[in-house]
Amino acid sequence: MTINLFDDAAWHTLLPLTFTRPVADLRIGILTISQKWEHHLKAEAGFVTAPYLQLKYPTASQANLFINGSVCPDQDLLDAINTLETGAALYTGELLLAYKTDTGAEHRAFRSGDFKQLIHSKDCIRITYPEDIFKFNDLELRKDFKLLTAGKTSVTLSSTNNFLGDEIFAEEGAKAECSTFNSLGGPIYIGANSQVWEGCNIRGSFALCHDSQVKMGAKIYGQTTIGPFSRVGGEINNAVIWGYSSKGHEGYLGNSVMGQWCNIGADSNNSNLKNNYAEVRLWDYTSKSFRKTGLQFCGLVMADHSKCAINTMFNTGTVAGVSANIFGAGFPRNFIPDFAWGGAHGFEVYSLDKMFETATKVCARRNLEFDQVEKDILTHIFTETKIHRHF
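A short tour of the structure in this document, coming up. (Residues numbered from 1 in each chain as written. Predicted model: local features only at pLDDT ≥ 70, side-chain atom pairs only at ≥ 80, totals over all residues. Heavy atoms only, no water.)

### Details of the overall build of the chain
For step 1, the next point in the chain: Along its length, the chain carries 7 helices and 33 strands.
For step 2, the next point in the chain: Relative to the globule expectation of 21 Å for 391 residues, the C-alpha radius of gyration of the chain, 21 Å, shows essentially globular dimensions.
For step 3, the next point in the chain: Considered along the principal axes of its C-alpha atoms, the chain spans approximately 60 × 55 × 45 Å.
For step 4, the next point in the chain: Within the span of the chain, comprising 391 residues, buried residues form 56% of the whole.
For step 5, the next point in the chain: Once local pairs closer than 6 in sequence are excluded, the contacts in the chain between residues at least 24 apart make up 45%.
For step 6, the next point in the chain: Of the roughly 16,600 Å² of accessible surface on the chain, a fraction of 49% belongs to carbon and sulfur atoms.
For step 7, the next point in the chain: If you average the places of the 36 positive and of the 41 negative side-chain charges in the chain, the two averages end up 4 Å apart. (Helix = DSSP H or I, 4+ residues; strand = E, 2+ residues; numbered from the N terminus. Rg over C-alpha atoms; globule rule 2.2 N^0.38 Å. Buried < 20%, exposed > 50% of the residue type's maximum accessible area, 1.4 Å probe, protein only. Contact = heavy atoms within 4.5 Å. Areas by Shrake-Rupley, 256 points an atom, 1.4 Å probe, with all protein chains shown as cover. Lys, Arg positive; Asp, Glu negative; His and termini not counted. Charge placed at Lys NZ, Arg CZ, Asp CG, Glu CD.)

### With respect to the sheet that holds strand S3 (residues 65-68)
For step 1, the next point in the chain: If you trace the 6 strands from one edge of the open sheet to the other, you get S2-S1-S3-S5-S4-S6, paired in mixed fashion. A single partner strand is all that each edge strand has here, and the edge strands are strand S2 (44-48) and strand S6 (116-119). On average, adjacent strands in this sheet sit at an angle of 30 degrees to one another, irrespective of strand direction.
For step 2, the next point in the chain: Strands strand S1 (2-6), S2 and S3 of the sheet are contacted by helix H2 (residues 33-41), whose axis makes an angle of about 150 degrees with S1.
For step 3, the next point in the chain: Contacts from helix H3 (residues 75-82) reach S3, strand S4 (88-92) and strand S5 (95-100) within the one sheet, and its direction differs from that of S4 by about 160 degrees. (Pairing = 2+ DSSP bridges. Axes fitted to C-alpha atoms, helices over the stretch in contact; angles between N-to-C directions.)

### Quick word on the nonpolar core
For step 1, the next point in the chain: Within the largest apolar cluster, 67 residues are counted, with the highest numbers of intra-cluster contacts made by Ile 3, Trp 37, Ile 67, Ile 127, Ile 133 and Phe 339.
For step 2, the next point in the chain: Broken down by element, this core gets its largest block of residues, 5 residues, from helix H6 (residues 352-364).
For step 3, the next point in the chain: Once residues within four sequence positions are removed from consideration, Ile 127 is found in contact with Ala 10, Leu 14, Leu 26, Ile 28, Ile 33, Ser 70, Cys 72, Asp 132, Ile 133 and Phe 136.
For step 4, the next point in the chain: Among the nonpolar cores identified, the runner-up in size contains 35 residues, and Ile 168, Ile 202, Val 232 and Ile 264 belong to it. (Core = buried A, V, L, I, M, F, W, Y, C linked by side-chain atoms within 4.5 Å.)

### Focus: the pairing of S3
For step 1, the next point in the chain: Across the two faces of S3 the burial is the same, with Leu 65 and Ile 67 and Phe 66 and Asn 68 all buried.
For step 2, the next point in the chain: Examined bridge by bridge, S3 and S5 share 3 bridges and lie antiparallel to one another. Along S5, the bridge assignment pairs Phe 66 with Tyr 99.

### Focus on the packing of aromatic side chains
For step 1, the next point in the chain: This model, assessed by the stated rule, comprises 18 aromatic pairs.
For step 2, the next point in the chain: Seen in terms of ring centroids, Phe 6 and Tyr 99 are 6.0 Å apart; in terms of plane orientation they differ by 45 degrees. Their pairing is tilted. Residue Phe 6 is found in strand S1, and its partner Tyr 99 is found in strand S5; the two are separated by 93 residues along the sequence. We note that Phe 6, like Tyr 99, is buried.
For step 3, the next point in the chain: Taking the centre distance of 5.3 Å and the plane angle of 80 degrees together, the rings of Trp 283 and Phe 290 count as edge-to-face.
For step 4, the next point in the chain: One aromatic cluster is present, built from ring pairs that chain together Phe 19, Trp 283, Tyr 285, Phe 290 and Phe 335.
For step 5, the next point in the chain: One Lys or Arg, Arg 291, reaches over the ring of Tyr 129 and ends 3.9 Å from the middle of that ring. (Phe/Tyr/Trp six-rings, centres within 6.5 Å; stacked < 30°, edge-to-face > 60°. Lys NZ or Arg CZ within 6 Å of the ring centre and 35° of its normal.)

### With respect to the side chain of Asn 238
For step 1, the next point in the chain: As for its position among the elements, Asn 238 is in strand S19 (residues 235-243).
For step 2, the next point in the chain: Overall, Asn 238 belongs to the buried group, its relative accessible area being 8%.
For step 3, the next point in the chain: Side-chain polar atoms of Asn 238 contact the side chain of Asn 255, separated by 3.0 Å.
For step 4, the next point in the chain: When residues no more than four places from it in sequence are discounted, the contact partners of Asn 238 are Phe 134, Tyr 221, Gly 222, Gln 223, Thr 224, Gly 254, Asn 255 and Ser 256. (Polar contact = N/O pair within 3.5 Å; in protein donor to acceptor, adjacent residues only side chain to side chain.)

No statement about biological role is implied by the geometric values presented.
Structure (structure tokens):
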């Protein structure tokens, strides 16, 4: 079975995180949204997304089931989609959730008048803004934990560890020594070939995806996900790190989202609460202004390939675009444009040539090639975001 996950207006409101991917490739919980649908439907997913992303994220040409990529599956929604007939479209309010066509029909040809409209009356989790990722991470982590561990037996972790609660699952190859795991407040998932080094204190809900490490003495609070091929240390709370990224040293990261190929320098910190306890605002790419989040706790949103140097201080509600390189004393601005190079003292343009040179080295450390497909995507983003670089 094949399906297609389509982008809607959420692709724009989730920028800069979606500059480099379809919405369904966002990680929330343990899995990406596309992986959740693939697991539940036992299907292979294609994507209907921005044209410049389609080479990396191709459309499944023979799929006749189209699902909104910003929506996370649950049992009620799965039941409704599994009974969807050809020629029918499923809505919640005015939001299109899914539709079924004849095999090979394209999403771009969708016209509501051509479909029988069905209403889904149950609530579902939809990712619309960047802060939704850490806001709903606990709920999705718990769902993914049940999905991934059903009918399976955890490997036995070392007796040098201290375990509180019994909602702890470790995949094959996972290792941990001399650490405390507290699952009384939520499940703890330790992915294949991942490592928790000595002296760590971890509270659920928590997921450490495959081939990642938690360094010695780390303090990790609940509602946190560390994606694959990542390394973390210091203090982390309600944060989602997607993968191939590092926050390997002391410093605080809270109520935050980090994309892929990011690096946080030693002793860097983000604020997640304003001194006056006021509502946090985040930069919005669609309105080109700061948007109210309705949240009192909101930290850092960092897009792919961005990095910061040692002792960087991020103010409450900071957005760093794709491939921003941040350094220097003081608080940089709350919106750091894509391909910006600098800090509180000022910014200049981070040229594509320099960025490509660094990305090539970073990918090579993971035995991956920084290929022309990636270069073309980033070149497109560089051009599209020029309007934000007023320096």
